[in-house]
Amino acid sequence: MASRFIANTTAEQRQMLGVIGAGSIEDLLVKIPAKARLSRPLNLAPALAETDLVRHMRALAARNADADSHACFMGAGSYDHYVPSPISHMVLRGEFLTAYTPYQPEASQGTLRTIYEYQTMIAELTGMDVANASIYDGASSLAEAALMAHAVTERKEIVLSRGVNPLYRRVTATYCEGPGIRLRDAAVPDGVTDLDAAKKLVGPKTAALVVQSPNFYGCLEDVATAAEIAHAAGALLVVVADPVNLGVLEAPGKLGADIVVGEGQGLGVPMSFGGPNLGVFAAKKDLVRRMPGRLVGATVDKDGRRGFVLTLQTREQHIRRAKATSNICTNVALCALMATIYLATLGRRGLVRVGELSTAKAHYAAERLTKAPGVSLRFAQPFFKEFALKLPKSPERVVAKLAKQGILAGVPLKAFDRALADCLLVAVTEKRTKAEVDAFAEALAKAVA
Amino acid sequence: MANIPKELRYTREHEWAKQEGDRVRVGITDYAQEQLGDVVFVELPKVGAKVTAAKAFGVVESVKAVSDLFAPVSGEVVEANGELTKKPETVNQEPYGKGWMIVIKPSNKADWDQLLTAQQYEDFLKQAAH
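The structure contained in this document is the topic of the report that follows. (Residues numbered from 1 in each chain as written. Chains lettered and ligands numbered in written order. Predicted model: local features only at pLDDT ≥ 70, side-chain atom pairs only at ≥ 80, totals over all residues. Heavy atoms only, no water.)

Residue and element names in this part refer to chain A. With five of its five residues buried, strand S3 (residues 157-161) lies for the most part within the structure. Alternating positions in S3 separate into two faces, Glu 157, Val 159 and Ser 161 on one and Ile 158 and Leu 160 on the other, with burial throughout. Across five bridges, S3 lies against strand S4 (residues 182-186) in parallel orientation. Across the sheet, the residue bridging to Glu 157 is Arg 182, located in S4. Between the parallel pair S3 and S4, the chain is carried across by helix H7 (residues 166-177), and the sense of this crossover is right-handed. As paired strands, S3 and strand S5 (residues 206-212) are joined by four bridges and run parallel to one another. Bridge pairing links Val 159 to Leu 209 in S5. (Buried < 20%, exposed > 50% of the residue type's maximum accessible area, 1.4 Å probe, protein only. Helix = DSSP H or I, 4+ residues; strand = E, 2+ residues; numbered from the N terminus. Pairing = 2+ DSSP bridges. Right-handed = clockwise from strand over helix to strand, strands pointing away.)

Once that is clear, we can look at the environment of A:Leu195. Tracing the chain through its elements places A:Leu195 in helix H8 (residues 195-201). Along the sequence, A:Leu195 and A:Gly410 sit 215 residues apart, while their C-alpha atoms lie 28 Å from each other.

Here the focus is the environment of A:Val261. All names here are of chain A. Along the chain, the position of Val 261 falls in strand S7 (residues 259-263). A relative accessible area of 0% places Val 261 in the buried class. If near-sequence neighbours (up to four positions away) are discounted, Val 261 is found in contact with Ser 141, Leu 142, Ala 145, Val 238, Val 239, Val 240, Ala 241, Val 280 and Phe 281. (Contact = heavy atoms within 4.5 Å.)

Computed from the structure, the largest pocket encloses a volume of approximately 1100 Å³. In this structure, the largest pocket is lined by 30 residues; those nearest its centre are A:Ala151, A:Val152, A:Glu154, A:Arg290 and B:Glu43. Counting residues per element, the ones that place at least two in the lining of the largest pocket are helix H6 (138-153) of chain A together with strand S4 (39-43) and strand S6 (56-62) of chain B. Broken down by element, the lining of the largest pocket gets its largest block of residues, five residues, from S6(B). (1 Å grid on protein atoms, 1.4 Å probe; cavity = no way out; pocket = protein on both sides within 12 Å on 5 of 7 lines; lining within 4 Å. Points joined across faces, edges and corners; volume = space filled by probe spheres on them.)

The next subject is the interface of chain A and chain B. How big an interface is tends to be stated in terms of the accessible area lost upon association of its parts. Between chain A and chain B, the residue contacts involve six residues of the former and 11 residues of the latter. Together, A:Arg289, A:Thr314 and A:Arg320 form the three largest contributors to the area buried by chain A at its contact with chain B, with a combined 66%. Summed over the shared surface of chain A and chain B, the number is three salt bridges. A salt bridge links B:Glu61 to A:Arg320; the shortest N-O distance between them is 2.9 Å. Run the count over chain A and chain B and you get four residue pairs in polar contact (both at pLDDT 80 or more). Tallied by class, the residues present in the side of chain A that touches chain B amount to one nonpolar, one polar and four charged. (Buried area = accessible area lost by both parts, 1.4 Å probe. Salt bridge = Lys/Arg side-chain N within 4 Å of Asp/Glu carboxyl O. Polar contact = N/O pair within 3.5 Å; in protein donor to acceptor, adjacent residues only side chain to side chain. Nonpolar A, V, L, I, M, F, W, Y, C, P; charged D, E, K, R; others polar.)

Okay, the side chain of A:Arg315 next. Residue and element names in this part refer to chain A. Within the secondary structure layout, Arg 315 lies in the loop between strand S10 (306-310) and helix H10 (317-320). The exposure class assigned to Arg 315 is buried, which follows from its relative accessible area of 4%. At 2.6 Å, the side chain of Arg 315 forms a polar contact with the backbone oxygen of Met 291. A distance of 2.8 Å separates a polar atom in the side chain of Arg 315 from the backbone oxygen of Gly 293. Aside from chain neighbours lying at most four places away, what touches Arg 315 is Val 288, Arg 289, Met 291, Pro 292, Gly 293, Arg 294, Leu 295, Arg 320, Ala 324 and Thr 325.

Let us look at the nonpolar core. The nonpolar side chains of soluble globular proteins are, as a tendency, buried together. Residue and element names in this part refer to chain A. Ranked by internal contacts, the top residues of the largest apolar core, which has 48 residues, are Leu 209, Leu 237, Leu 267 and Tyr 342. Those elements that place two or more of their residues in this core are helix H3 (85-91), helix H5 (109-126), H8, S5, helix H9 (223-232), strand S6 (236-240), strand S8 (279-283) and helix H11 (333-369). For this core, the element with the most residues is H11, which contributes 10 residues. Those residues within four positions of Leu 267 in sequence are excluded, and the remaining contacts are Ile 122, Pro 243, Val 244, Met 338, Ala 339, Tyr 342, Leu 343 and Leu 351. Of all hydrophobic cores here, the second largest spans 30 residues; its members include Met 148, Ala 149, Val 238 and Ile 328. (Core = buried A, V, L, I, M, F, W, Y, C linked by side-chain atoms within 4.5 Å.)

Attention now moves to the sheet that holds strand S1 (residues 9-10) of chain B. Adjacent strands of a sheet form backbone hydrogen bonds with each other and so pair up, either parallel or antiparallel. Residue and element names in this part refer to chain B. Pairing is antiparallel across the open sheet formed by six strands, whose spatial order is S1-S2-S3-S9-S8-S5. Two strands in the sheet have a free side with no partner beyond their single neighbour: S1 and strand S5 (50-51). Here S1 pairs with strand S2 (residues 15-20) via two bridges, running antiparallel. Pairing of Arg 9 across the sheet is with Ala 17, part of S2.

By themselves these figures say nothing about function.
Below is the structure:
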């Protein structure tokens, strides 16, 4: 059957069948038992003409409430930060968009150079010595950090704060199951990790202590003290951080982190309903040989000119095999490129502005929203661009009501913690206007009345 | 043909062993360093660690490969060559001299007799080449 998506013409198919001595394609399938064969055509709608198809897809898309049609106050790991136009302009270039595994130094100096610059900027932002070319997303980055801590310390326990994104914790549990690494929870009784209690859990069996700052509830954690606790026990400190915030917040590397991981989606990668995302991974120099993932290094060619190559490949499983820290042998190059362009476009000053605006607007929003009767801040802790609101009515109902008014009010927390069933997680980025926040406050007051 | 000093003993994994009183000094052979290419990193055990004959005690990394290092005899590590951290290329330059890796205090004298003589190692290499 001819199809414009199958390269062989009917004539070519006939010719090939002739060469192998078969009368038809059916003849090639005679060995499949009749009862395993479908004896009718597939129940598919007929093919649409391109114009009809486009009309159909547009109609489907129009049913979405997205950040273009609604004011987005949803966060919980995916944020509506602005994507500057140079990004869309550059990443649609074929050399970037459709290149598959472009890492041969002979053919891909441009690509390798952008990844080197990405690594450099991430290392600078996080205050670490070396960053890799990216992992899939924040969750898998954390999981890889857990495996790396185990490889480095040869210890079998990881203590994770319950302030770490619950989805990241589940992915980490999946990765740790095979190697038999035990995960232990450090409690977050009132918005931040109880470090005194965590100290009791961290001991000679602990490979790493993991904290997230700001944590899943938006609250800032005491990373420096967490570092002391981890190091006193000979364990590593892993910090989960949102790189967009690091123009304002102190680099985790300066606070004692041994490994920094996180979700880089806020760095110019569209939310896209959950992906593709950007796993940030950075570490101290003495740990580089146990780092997972691709690493691009700078070197010189035989004529002494500067060039870039994948380096330290003996870490990776295609050489080190069963002894490698991880089996990952890829990265999200296109998303890393978006982040590179984002950071280069905004520069030092621009990134600081994004952080300043996000936190200023979040604090303004918290003030306005808590004016509604019965609405209060759930945690009395310093926060950055996200906070949990305690509502007098079902957060799910409030979200549904406000969505009809063009507002994506936040993420209800019941699914993550039953004890917070009356809470809504609200995020505010530099994109939100005063008018949007005021409209949100008005609509919220009506919805909970 | 690679250099195979007559006074040393050898393993099939291309380590050499040198008797020094009641201690055994260990490294990798000229053949091994040639095969590996430029050595960029050597991971050695800490002083005091126990090693077991024919089991891995460390790792040697070149630009293109990673290889386990196998202990010729069982015992305790009494010295580890710290110079190799700074200058791993010493393994290529002087595999039998400054490129030594560890010194073991053997726990079982019988292990020594299991090692290949220089002639046996040479024959082994000739065979492996076929």
